[in-house]
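Listed below are the residues making up each chain.
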Amino acid sequence: MRTLTLAVLLSAGLALAACSKSTQEKTGQDLKAVGSDAASAAKDVANAPAAKELGSDIKQGTEEAAAKTKEAAGQAGEKLKAGTEKAASDIKSGTDKAAAKTDAAVDRAKDKVEH
């Protein structure tokens with residue numbers, strides 16, 4: 001809306017430069033009226049029930065998106081926790097097996113040294 005108003009004012013300004021003084025004054029008054037009408041129309045649009053409903057719909061949509069994001073983050077956190085617990089369990093199991101094999105190898109080496 002501002003771009004259109006600016007374009008109109010710029011065009012009018014260029015046109016005024018080539019016109020007589022009375023024409024320039026009349027055009028200036030007309031431009032002020034157009035600017036006032038445009039501002040009034042913008043205000044009317046902002047205050048229209050449909051615009052307010054749109055704002056309400058956007059707010060509701062944002063709240064729904066935030067709730068879904070929160071839920072998804074919670075689920076992701078639960079899955080991450082479960083995965084971490086499983087990885088810790090697997091590491092412990094692997095460490096226990098490695099320790100048992102190391103102990104057995106040490107015992108075999110002691111037996112060979114003693115015999």
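The shown structure was predicted, so the numbers you read here are calculated from the model rather than taken from an experiment.

All right, on to the overall build of the protein chain then. Counting secondary structure elements, the protein chain contains three helices and zero strands. The helix and strand sequence of the protein chain, counted from the amino end, reads α-α-α. Summed over its atoms, the accessible surface of the protein chain is roughly 9,600 Å², and 62% of this surface lies on carbon and sulfur atoms.

If charged atoms from side chains of opposite charge come close, those side chains can pair. According to the stated counting rule, one finds two salt bridges in the structure shown. For Lys86, the salt bridge identified is with Asp90, shortest N-O distance 2.9 Å. On the criterion of helical spacing, the pair formed by Lys86 and Asp90 is a turn pair, its members being four residues apart in helix H3 (residues 49-114). The partner of Lys92 in a salt bridge is Asp96, and the shortest N-O contact between them spans 3.2 Å. With Lys92 and Asp96 both in helix H3 and four residues apart, the pair spans about one turn of that helix. Take Lys92: its relative accessible area is 52%, and that puts it in the exposed class. A relative accessible area of 42% means that Asp96 is categorised as partly exposed.

In this section: the confidence of the model for the protein chain. Of all residues in the protein chain, 80% attain a pLDDT of 70 or more, and the chain-wide mean is 81. In the model of the protein chain, helix H1 (residues 2-17) stands out as the element of lowest mean pLDDT, 64, in contrast to H3, which has the highest, 89.

This part covers a negative patch on the surface. On the surface, Asp103, Asp107, Asp111 and Glu114 cluster together to form a negatively charged patch. Tracing the backbone through its elements, the reader meets Glu114 in helix H3.

Scoring rules and cut-offs
Residues numbered from 1 in each chain as written. Predicted model: local features only at pLDDT ≥ 70, side-chain atom pairs only at ≥ 80, totals over all residues. Heavy atoms only, no water. Helix = DSSP H or I, 4+ residues; strand = E, 2+ residues; numbered from the N terminus. Areas by Shrake-Rupley, 256 points an atom, 1.4 Å probe, with all protein chains shown as cover. Salt bridge = Lys/Arg side-chain N within 4 Å of Asp/Glu carboxyl O. Buried < 20%, exposed > 50% of the residue type's maximum accessible area, 1.4 Å probe, protein only. pLDDT = per-residue confidence, 0-100. Patch = residues over 30% accessible without salt bridge, like charges linked within 9 Å, V, L, I, M, F, W, Y side chains within 5 Å. Lys, Arg positive; Asp, Glu negative; His and termini not counted. Charge placed at Lys NZ, Arg CZ, Asp CG, Glu CD.

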